[in-house]
Amino acid sequence: MALLELKNITKRYNHECCALDDVSFSVDKGEFVSVIGPSGSGKSTLLRCINRIVEPTTGEICVDGVISSSLNKKKLRKLRTKIGMIFQHYNLVERLTVIENVLHGRLGYKSTLAGVFGRYSQEEKRQAFQILEMLGLNDQVNKRCDQLSGGQKQRVGIARALVQNPKLILCDEPIASLDPNASKIIMDHLRNISTEMGITVIVNLHQVEVALKYSDRIIGVNNGKVVFDGPPSELTTRQIHDIYDSEPESVELMVYQGERHAG
Ligand SMILES: Nc1ncnc2c1ncn2[C@@H]1O[C@H](COP(=O)(O)OP(=O)(O)OP(=O)(O)O)[C@@H](O)[C@H]1O
Ligand SMILES: [Mg+2]
């Protein structure tokens, strides 16, 4: 059974034209999927519909066997614990420490009161430290997040998602604010999380070459529609051109540094 299934998802904001137009696909456990497409094509809307920050106008989304549109608030909260989110601008509480931010990933499991008083079990803390170690942040545990580099902040974001024990991690341009070295570290961790931990990862990306290098599968969107869905080896220069409405020469530039698996 697929971990995630989208059936005929359409999203209109304010009755305007479609941000998503009849999008259907399913994703398996542990799959690493990149979503590429031009600015405004609907990539962020797609991720937001999956965890229902944004309500799809029509269609059905099924996560881990549960149809998300049918859920009341309490059950939706429970479902969201299975979905970790990673953002371009990290969304950390900057004045709090690394470990405090990471433990926030446990809040979805707690009553409001326990959350307010920061009551975390020894087991939760042990797991948070273990994840920080895996991500190479064991020396930063008690540092305030406003003292970290961008790449370190994004690793805190990943740790916060992982302490949720998610089945699915959604990443909205996780490397858009990072330099190439920090980007590689983040993408390597995300790839490991899918390969080693069996967590499904969906990443919105602007860099085609990164999508080609890391993904099991690439979904190309243009104007709210899926115009490509397949492995990197099947993404031709022509299809990249169609996804981006661009001239073939600029496509060549886009993939210039990437590992091309097919022409
Ligand atoms: N909250 C909103 N209200 C109204 N329209 C919106 C809203 N969010 C997105 N849109 C519109 O929906 C379309 C898709 O936007 P979306 O942010 O999903 O694109 P994107 O592919 O993530 O773009 P980018 O690469 O620039 O992040 C755009 O036309 C955008 O203007
Ligand atoms: Mg976006």
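Residues numbered from 1 in each chain as written. Chains lettered and ligands numbered in written order. Predicted model: local features only at pLDDT ≥ 70, side-chain atom pairs only at ≥ 80, totals over all residues. Heavy atoms only, no water.

K.L.:
Is there a simple way to think about the domain arrangement of the protein chain in this case?
P.N.:
Often, the extent of an interface is quoted as the loss of accessible area upon association of its parts. The domain boundaries assigned to the protein chain delineate domain 1 (1-82 + 166-263) and domain 2 (95-165). A C-alpha centroid distance of 25 Å is found between domain 1 and domain 2. Taken together, the contact pairs 16 residues of domain 1 with 16 residues of domain 2. Summing the contributions of domain 1 and of domain 2, the shared interface buries around 1,200 Å²; its carbon and sulfur component is 69%. (Domains from an automatic or database assignment. Contact = heavy atoms within 4.5 Å. Buried area = accessible area lost by both parts, 1.4 Å probe.)

K.L.:
When you look at the site of ligand 1 in this model, what are you seeing that I'm missing?
P.N.:
The environment of ligand 1 is formed by 13 residues, the closest being Ser39, Gly40, Lys43, Ser44 and Thr45. With respect to ligand 1, the backbone of Ser41 contributes an N or O atom lying 3.2 Å from an oxygen atom. By residue number, the principal contributor to the shell around ligand 1 is helix α1 (residues 43-50), which donates three residues. In terms of residue class, the shell around ligand 1 is built from three nonpolar, eight polar and two charged. (Near = heavy atom within 4 Å. Polar contact = N/O pair within 3.5 Å; in protein donor to acceptor, adjacent residues only side chain to side chain. Helix = DSSP H or I, 4+ residues; strand = E, 2+ residues; numbered from the N terminus. Nonpolar A, V, L, I, M, F, W, Y, C, P; charged D, E, K, R; others polar.)

K.L.:
Quick question: what am I supposed to make of the nonpolar core here?
P.N.:
Note that soluble globular proteins tend to have their nonpolar side chains buried in a common cluster. Among the nonpolar cores identified, the biggest contains 48 residues, and Ile36, Leu190 and Leu235 are the most heavily contacted of them. Shared between two domains, this core holds at least three residues of each, these being domain 1 (1-82 + 166-263) and domain 2 (95-165). Beyond its immediate stretch of four places on either side in the chain, Ile36 contacts Lys43, Leu205, Val208, Ala211, Ile218, Ile219, Gly220, Val221, Leu235, Ile243 and Tyr244. With 27 residues, the next largest nonpolar core counts Leu20, Leu46, Leu76 and Ile219 among its residues. (Core = buried A, V, L, I, M, F, W, Y, C linked by side-chain atoms within 4.5 Å. Buried < 20%, exposed > 50% of the residue type's maximum accessible area, 1.4 Å probe, protein only.)

K.L.:
I keep staring at the pairing of strand β6 (residues 83-87) and nothing clicks. Help me out?
P.N.:
Most of β6 is tucked away, with four of its five residues classed as buried. Here β6 runs beside strand β7 (residues 168-172); their pairing, made up of five bridges, is parallel. Bridge assignment links Ile86 to a residue of β7, and that residue is Cys171. (Pairing = 2+ DSSP bridges.)

K.L.:
Quick question: what am I supposed to make of helix α2 (residues 73-81) here?
P.N.:
Each α-helix turn comprises 3.6 residues. Residues three or four places apart therefore point the same way. Looking only at α2, the buried set comprises Leu76, Leu79 and Thr81. Of the surrounding elements, those touching the buried residues of α2 are β4 (58-63), β5 (66-67) and β6.

K.L.:
What is the right way to read unusual backbone geometry from this model?
P.N.:
For residues besides glycine, phi is generally negative; the peptide bonds are generally trans as well. At Tyr90, a residue that is not glycine, the phi angle is positive and equals roughly 70 degrees. Here Tyr90 lies in the loop between β6 and α3 (98-103). At Asn91, a residue that is not glycine, the phi angle is positive and equals roughly 55 degrees. Positionally, Asn91 belongs in the loop between β6 and α3. With relative accessibility at 44%, the residue Asn91 sits in the partly exposed group.

K.L.:
How should the environment of Ala128 be read in this particular structure?
P.N.:
Position of Ala128 relative to the elements: it lies in helix α5 (residues 122-134). When the C-alpha positions of Ala128 and Ala161 are compared, they lie 10 Å apart, and in sequence the two are 33 residues distant.

K.L.:
Would you mind showing me how to read the sheet that holds strand β2 (residues 18-27) here?
P.N.:
As a general point, the strands of a sheet are linked pairwise by backbone hydrogen bonds and lie either parallel or antiparallel. Taken in spatial order, the four strands make up an open sheet running β2-β1-β4-β5, and their pairing is antiparallel. Each end of this open sheet is capped by a strand with a single partner; those strands are β2 and β5. Where β4 and β5 come together, two bridges link them in antiparallel fashion. Each residue of the ladder has a partner; that of Cys62, found in β5, is Ile67. Relative to the sheet, α1 contacts β1 (4-12), β2 and β4, its axis offset from that of β2 by approximately 60 degrees. (Axes fitted to C-alpha atoms, helices over the stretch in contact; angles between N-to-C directions.)

K.L.:
It is not clear to me how the confidence of the model for the protein chain should be interpreted in this structure. Could you clarify?
P.N.:
Residues at a pLDDT of 70 or more form 93% of the protein chain, whose mean pLDDT is 92. Per-residue pLDDT stays below 50 along residues 257-263; that stretch engages in 17 contacts with residues further than four places along the chain or on separate chains. (pLDDT = per-residue confidence, 0-100.)

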